[in-house]
Amino acid sequence: MLIPVTLRGHLVCLEPLTIDHVNDLCAAASEDRSTYTYTYVPNGQEDTKRYIEIALADFSKGRALPFVVRHLDTGRIVGTTRFLDLEVFSWPPGVASGLSPTDLAPPTVAEIGSTWYAASFLRTGVNTECKLLMLSHAFDSWNTIRVTLKTDARNIRSRSAIQRLGATFEGIRRAHLPESDGSIRDTAYFSIIAEEWPSVRTNLQDRLQKRLEKYH
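Quick caveat, the model's predicted, so the values are computed rather than measured.

Caption draft 1: Up close: unusual backbone geometry. Residues other than glycine seldom take positive phi values, yet S114 does so here, at roughly 50°. Tracing the backbone shows S114 in strand 5 (residues 109–117). Despite not being glycine, R123 shows a phi value in the positive range, around 60°. Take R123: its relative accessible area is 60%, and that puts it in the exposed class.

Have a look at this one:
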């Protein structure tokens, strides 16, 4: 499996998720929950514990690489994010490799998702730097050729945030997933491919620099 990594920036540090983060993540999720209309965020300590256990089980099977987001100025855990849907391509095409990604055989394609933050840390540059750190790791360390991002098609705020990253909108997958409220959601798909990464990186660095100048 992939060895957990720590990704450190100016505003945040992405640390490997562990069961010891239950209380901190529970506290982060307990702020204004109206911001989670279209995002599943655990509610309460037992729910948070199950949430972490599922993420760690996916990690142990090579399906995900989950992080907590630590805000460096306050030291607080302010959210979580992860790599998921990790796949190692094989050649010739059409032959499934059956490989789980490792540091020697890193993911050819990946998704960034299961991302949420405490309400007080929205629009502070935290998400911008998280995406910059994770995309840098995917494209520069793993040499990934594609990163997918997706969200509930109704989530206009999330769709706008993904597009501001520089991701390309691919379309809507209809009747894609069951929602916790009993409905079936349509999913908006976006992607960034390796050829686009240099311009996306510059965009993210510029946006982050403006945030740093504003708050420091």
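Past the structure itself, the notes keep going.
Caption draft 2: A look at the layout of surface pockets. One number sums up the size of the largest pocket: a volume of about 1,400 Å³. Counting only elements with at least two residues in the lining of the largest pocket, the list comes to helix 2 (45–60), strand 4 (77–87), strand 5, helix 3 (126–141), strand 6 (146–152), helix 4 (156–165), strand 7 (168–178) and helix 5 (197–215). If one sorts the elements of the lining of the largest pocket by residue count, strand 5 sits on top with seven residues. Per-class residue counts for the lining of the largest pocket are 20 nonpolar, 14 polar and 15 charged.

Caption draft 3: Quick look at helix 1 (residues 22–29). Taken as a whole, helix 1 has its buried residues at V22, L25, C26, A28 and A29. One face of helix 1 carries all of its buried residues, which in axial projection span an arc of 160°. Where helix 1 is buried, its residues contact helix 2, strand 3 (64–71), strand 4 and strand 5.

Conventions adopted
Residues numbered from 1 in each chain as written. Predicted model: local features only at pLDDT ≥ 70, side-chain atom pairs only at ≥ 80, totals over all residues. Heavy atoms only, no water. Helix = DSSP H or I, 4+ residues; strand = E, 2+ residues; numbered from the N terminus. Buried < 20%, exposed > 50% of the residue type's maximum accessible area, 1.4 Å probe, protein only. 1 Å grid on protein atoms, 1.4 Å probe; cavity = no way out; pocket = protein on both sides within 12 Å on 5 of 7 lines; lining within 4 Å. Points joined across faces, edges and corners; volume = space filled by probe spheres on them. Nonpolar A, V, L, I, M, F, W, Y, C, P; charged D, E, K, R; others polar. Arc of directions from axis to C-beta. Contact = heavy atoms within 4.5 Å.

Structural measurements only, silent on function.
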